[in-house]
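# Residue-level structure breakdown
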Amino acid sequence: LCGSQFWNSTETWYTNNPDFTPCFEQTALVWTPCAFYWLFVIFDFYYLKASLDRNIPWNKLNVTKALVNLGLLVITALDLIMALIKKGGDSELPLYDLDVWGPIIKFATFLLLFIFIPLNRKYGVQTTGCQFIFWFLLVVLAIPRCRTEVRLDADRQKIIDSQQQSEQDFSWEEYQFASFFVFFTFSCIMLILNCFADGLPKQTKYQRGENEIPELSASFLSRITYQWFDRMALKGYRNPLEEKDLWDLRPQDSCSEVMPIFAKHWNQKVRKNYKSKARVEPKAQFSNGHVTFENPHTEKNGKKGMASIMPPIYKSFGGVFLFGALMKLFTDTLTFAQPQVLSLIINFVEASATEAEPEWKGIMYAVLLFVLAAAQTFILGQYFHRMFIVGLRIRTALINAIYRKALRISNSTKKESTVGEIVNLMAVDAQRFMELTTYLNMIWSAPLQIGLALYFLWQQLGPSVLAGLAVMIILIPVNGVIASRIKTYQIRQMKYKDERVKLMNEVLSGIKVLKLYAWEPSFEKQV
C-alpha cells in the first residue's frame, strides 16, 4: 500500500520515544475521519430535509469556509498530480497505491463538504455536528504526523549541514513537508470556523421574535456544552426568574409541528382498524386509557377495532428516540471503560516500582481517563436532553389528540366517560408518558450494565461475585410485589381523582344552588 511497514509495536509501544509509522499516519489517521463522515453524512441530509428555515445570506463565515475548503481541494489535487509527476516519472521513487488513493479519498471527502456549504445556506442549516466532529478528528489525528514531519525535516537539515551541501532541486520529501503543513493549517482554520454558527436565514416558517430561544442560532459546540444556556443561568442566579424571562418554545417542539406528524400516523392506524370504506367517523369510547372505535356498519362487517396509540408514537418520534438509545449505549460502554483505564493506571504504578516503565504511558492513561469521563458527560447530557424532548412531544401530541376527540364525541359517548376521566387522561396519563420516556431505555440498559459489571467483577473477585448476584435475584420477586402494590394503589388513586374531578365539575356547575342552601361544608367534605 505505501511501501513501508503499516504497524510496528516496537517503534510505537515498547519504547521510551513512541511514534507511529509513516504508513499508519498517512492512512489510518487520515482515513478514519473520512470514513466517519461518509458513514454519518446521512444526518446532514436529514438536517437539510427537516430544516424549517431557508436562504442564509452569504457572509464572511460561509464565504471563508468555501474558500478554505476550495484551498484544501486544490492542495489535495496537487498532491495527486505531483505524485504522478515526481514519482511516476522517476524510477528511483516508486509510485505506491497510497500516493494515488490517499489524495483521491481526501478529495472526495472535501468535495462533499464543499457541496454542503451552499446546500446548508440554501436550506437554512446554521451548524452541523457531523462536520464539526470530522474537522476535530482530522486535526487531532494529524498531530502525530506534525511531530514526525518536523523531526524528519530537522534530520534532513542536519545531514545537509554536516555534508556542507547546498540545497538543490525541490525534493519529494520537502514537497510533502510543505504540502502537509499547508493542509494542516487549512484544517485548523476549518475547525475554528465550524465552532461558530452561520448567520440567520432570511426565510423562516415561523417568525422569530425578540425572545426566541438561543439554541436555534447556537453552534454545535455551544449546544453540546450548553453554552447558549449560560445567559439564563446567570440571570436566574442574580434575580428570581419570571415568566417574561423565559424564551419562546422551539418551533420544532410546538403543537403546530408535532401534531400533524402524529395525526398522520394515527389516522393511518385508525383506517387500518376501521375497514369500512364509508366516510363516517367511528364513535369513540374511553375505557382504561384506550380509545375504542366502533364500526357503525356492524350489520355488514360485524367487527370492532381497537386502535393502539403506541404504533403512531413509534412512527412519529421513534427516530429521535432510537438516536437517544444509541447515545445511551455509548454512555454505558464509556462507564465501564473508565474502570479498565483506572486498572491500567494501577498496574502502571505497581510496575514502575519494580522496573522502569516509560513515563509517557502513565501520562497517556491519565489523559485517556479524562477524555473518557468528559465524553461520557457530554453524551449523557445530550441523551437526557433528547429524551426529555421526545417525552415533551409525545405529551403534546396525546393532550392534543385527547382534547380534540373530547370535543367531537357524541352525547351518548359522553355519558359513558366522565369529565374527570377525560381530564385525567390529559393531565396525568399524558404526563406519565413524558416521565416514562426518559428511563424507558433502562429495559435493555440495566441488564447490559448488570452483565458487564458481573463480567468485570468476576475477573477481579472470582466466585465471590455470585453472592451479589444471588441478592439481586432474590430482590427481583420482592420488587415485583412492591411494584404490583404500587400499581394497585395508583389505579385506586386514579379512580378517586376521577370522582373528585367529576364532583368538582358538579359543584361548579351548581354553585348557585350550593350557596342558596348552604351546602358548601358537606360538599367540601365529599371533595
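Residues numbered from 1 in each chain as written. Predicted model: local features only at pLDDT ≥ 70, side-chain atom pairs only at ≥ 80, totals over all residues. Heavy atoms only, no water.

As recorded in an unreviewed UniProt entry, the chain goes by Multidrug-resistance associated protein 1 and comes from Drosophila ficusphila. According to its UniProt record, the chain has this under Sequence similarities (unreviewed entry): "Belongs to the ABC transporter superfamily. ABCC family. Conjugate transporter (TC 3.A.1.208) subfamily." UniProt, in its Subcellular location (unreviewed entry) section for the chain, records the words "Endomembrane system". (UniProt positions renumbered as here; feature names shortened; annotations may be inferred.)

## Quick notes on the overall build of the chain
From N to C terminus, the chain includes 19 helices and five strands. A burial count over the chain gives 35% of its 527 residues as buried. Taking as baseline every contact in the chain between residues at least 6 positions apart, the subset at least 24 positions apart corresponds to 75%. A total accessible area of about 32,200 Å² is found for the chain, and carbon and sulfur atoms account for 64% of it. (Helix = DSSP H or I, 4+ residues; strand = E, 2+ residues; numbered from the N terminus. Buried < 20%, exposed > 50% of the residue type's maximum accessible area, 1.4 Å probe, protein only. Contact = heavy atoms within 4.5 Å. Areas by Shrake-Rupley, 256 points an atom, 1.4 Å probe, with all protein chains shown as cover.)

## Comments concerning the state of the cysteines
In the structure shown here, the tally under the stated rule is zero disulfides. With no disulfide of its own, Cys188 has Cys146 as its nearest cysteine by sulfur position, at a separation of 7.3 Å. You can call Cys188 partly exposed: its relative accessible area is 22%. (Disulfide = S-S within 2.5 Å.)

## A closer look at the confidence of the model for the chain
Detailed conclusions should not be drawn from predicted coordinates in areas where pLDDT is low. Per-residue pLDDT for the chain has a mean of 85; in total, 90% of the residues score no lower than 70. Across residues 276–304, where pLDDT falls below 50, the model places 54 contacts with residues more than four positions away in sequence or in other chains. (pLDDT = per-residue confidence, 0-100.)

## Some thoughts on the environment of Ala337
If you trace the backbone, Ala337 turns up in helix 12 (residues 310–354). The sequence separation of Ala337 and Ala373 amounts to 36 residues, and the corresponding C-alpha distance is 9.3 Å.

## Quick notes on the packing of helix 3 (residues 28–50) against helix 5 (residues 97–122)
Direction vectors running N to C along helix 3 and helix 5 enclose 25°, while the axes themselves pass 11 Å from each other. One way to sum up the angle between helix 3 and helix 5 is to call them roughly parallel. Crossing geometry of helix 3 relative to helix 5 is assigned as left-handed. Together, Val30, Trp31, Cys34, Tyr37, Trp38, Val41, Asp44, Phe45 and Leu48 of helix 3 and Leu98, Trp101, Gly102, Ile105, Lys106, Ala108, Thr109, Leu112, Leu113, Phe116, Leu119 and Asn120 of helix 5 make up the contact between the two elements. When its residues are assigned to classes, the contact of helix 3 with helix 5 shows 16 nonpolar, three polar and two charged. (Axes fitted to C-alpha atoms, helices over the stretch in contact; angles between N-to-C directions. Parallel < 35°, antiparallel > 145°, perpendicular 65-115°, else oblique. Left-handed = near helix turned anticlockwise from the far one by under 90°. Nonpolar A, V, L, I, M, F, W, Y, C, P; charged D, E, K, R; others polar.)

## What to know about helix 12
Spanning 45 residues, helix 12 covers 62 Å between terminal C-alpha atoms, matching the ideal 66 Å at 1.5 Å per step. Bending of helix 12 peaks at approximately 70° at the position of Gly318. (Expected span 1.5 Å × (residues − 1). Bend = angle between axes of the 7 residues up to and from the residue.)

## A look at the nonpolar core
Core analysis: the largest hydrophobic core is formed by 29 residues, its most contacted members being Tyr37, Phe110, Phe134 and Trp135. When contributions to this core are tallied by element, the ones reaching two or more residues are helix 3, helix 4 (60–87), helix 5, helix 6 (129–162), helix 7 (172–193) and helix 8 (220–225). In terms of residue count, helix 6 provides more of this core than any other element does, eight residues in total. Non-local contacts of Trp135, meaning those with residues more than four positions away in its chain, are made with Asn69, Leu72, Phe110, Leu113, Ser187, Met190, Leu191 and Asn194. Formed by 13 residues, the second largest nonpolar core is a distinct cluster that contains Val258, Met259, Trp266 and Phe317. (Core = buried A, V, L, I, M, F, W, Y, C linked by side-chain atoms within 4.5 Å.)

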